[in-house]
Amino acid sequence: MEQISLLDEVDEKATIENVRSFFKSNHNRPSKFERLVAQAGTSTDDLKSSIWSDMPKSVSVENSQENKVFRRMEAQSQLQACLLSIKNIPLKYRRLFISYYVDNIYHDRQWTDVSTAHGYSRTEANEHMNKALLWFADAYVGEYDFHIYKKADKHTTNVGLA
């Protein structure tokens, strides 16, 4: 794998789509974010809470349970990285992001409804959401790199997956 510099040029449009695909569900299938929340054994209500409890929980670690416990702990770690990244999005953009991707986890509100509720035109809301998605990609320090980088020959590459 090639080394990526912090100053390498990011393909913003591709990065926005990469982060969006992590949070967006398709055809009644849960998004990757929703699956991560479930695997972590928690709910999106934790994001709304002002206190994130990182107190250890008592877990049985018998031979047959060891892999399940490890997967749960890994999911909790990745979810914590997501929540921290969301909290690092500037408030102006974070409110819209949370309204659409976290509070709207059952997808009962359309994008137009969410943008109107925040007093934005669809175009203005799209611009704010794109900025929020880029902020998320920049702030995320978990297992993956959500950025899509431009190469010198104008081709793009993904260095980690979202």
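Rules behind the numbers
- Here the residue index of a chain counts from 1 through its sequence in written order.
- Only residues with pLDDT of at least 70 get local features here, since the model is predicted, and only at 80 or more are side-chain atom pairs given and counted; chain-wide, interface and lining totals rely on the full set of residues.
- The side-chain numbers reported here are obtained from all heavy atoms of the structure, hydrogens and water having been left aside.
- By the criteria applied, helices consist of DSSP H or I runs no shorter than four residues and strands consist of E runs no shorter than two, each listed in order from the N terminus.
- The span one expects for a helix is its residue count, reduced by one, times 1.5 Å.
- Burial classes: relative accessible area under 20% of the type maximum marks a residue as buried, over 50% as exposed, and values in between as partly exposed (1.4 Å probe, protein chains only).
- Working note: the arc is built from the helix axis to C-beta atom directions.
- Throughout this description, a polar contact denotes any pair of N or O atoms lying within 3.5 Å of each other; where both atoms belong to protein, one of them has to be capable of donating a hydrogen while the other can accept it, and for residues adjacent in sequence the pair is counted only when both atoms sit in side chains.
- By nonpolar core is meant a set of buried Ala, Val, Leu, Ile, Met, Phe, Trp, Tyr and Cys residues that side-chain atoms within 4.5 Å join together.
- A contact between two residues is defined here by any heavy atoms of the two lying within 4.5 Å.
- Counted as salt bridges are all cases of a side-chain nitrogen of Lys or Arg within 4 Å of a carboxyl oxygen of Asp or Glu.

Engineer: Mind showing me how you'd approach helix α1 (residues 12-23) here?
Structural biologist: Given a rise of 1.5 Å per residue, twelve residues ought to cover 16 Å, and the 17 Å separating the end C-alpha atoms of α1 matches this to within 8%. Turning to α1, its buried residues number three or more, namely Thr15, Ile16, Asn18, Val19, Phe22 and Phe23. One face of α1 carries all of its buried residues, which in axial projection span an arc of 160°. For α1, the capping residue at the N-terminal end is Asp11, with a side-chain oxygen 3.3 Å from the backbone nitrogen of Lys13.

Engineer: Would you mind showing me how to read the nonpolar core here?
Structural biologist: Generally speaking, nonpolar side chains in soluble globular proteins are found buried as a group. Core analysis: the biggest nonpolar cluster contains 34 residues, and Phe23, Phe33, Phe97, Met129 and Phe136 have the highest contact counts within it. Looking at this core, the elements with two or more residues in it are α1, α2 (32-39), α4 (66-87), α5 (91-102), α6 (111-117) and α7 (122-139). Non-local contacts of Phe33, meaning those with residues more than four positions away in its chain, are made with Phe22, Phe23, Thr44, Leu79, Cys82, Tyr101 and Val102.

Engineer: Explain the side chain of His128 here, please?
Structural biologist: Tracing the chain through its elements places His128 in helix α7. With residues near it in sequence (within four places) discarded, His128 still touches Lys92, Tyr93, Leu96 and Tyr120.

Engineer: Just checking my understanding: could you explain the pattern of salt bridges for this structure?
Structural biologist: Any two side chains of opposite charge can pair, so long as their charged atoms come close to each other. Across all of its chains, the model carries two salt bridges by this definition. Here Lys150 ties to Glu9 by a salt bridge, and the two come within 3.3 Å at their closest N and O atoms. Placement of the pair is Lys150 in strand β1 (residues 148-150) and Glu9 in the segment before α1, with a sequence separation of 141 residues. Here Glu17 and Arg20 are joined by a salt bridge, their closest N and O atoms 2.6 Å apart. One end of the pair is Glu17 and the other is Arg20, both in helix α1 and three residues apart, which spans about a single turn. Residue classification places Glu17 among the partly exposed residues on the basis of a relative accessible area of 43%.

Engineer: What's the story with the environment of Ile86 in this structure? I'm lost.
Structural biologist: Following the sequence through the fold, Ile86 ends up in helix α4. The exposure class assigned to Ile86 is buried, which follows from its relative accessible area of 0%. In sequence terms Ile86 and Ala139 are 53 residues apart; their C-alpha atoms lie 8.0 Å from each other.

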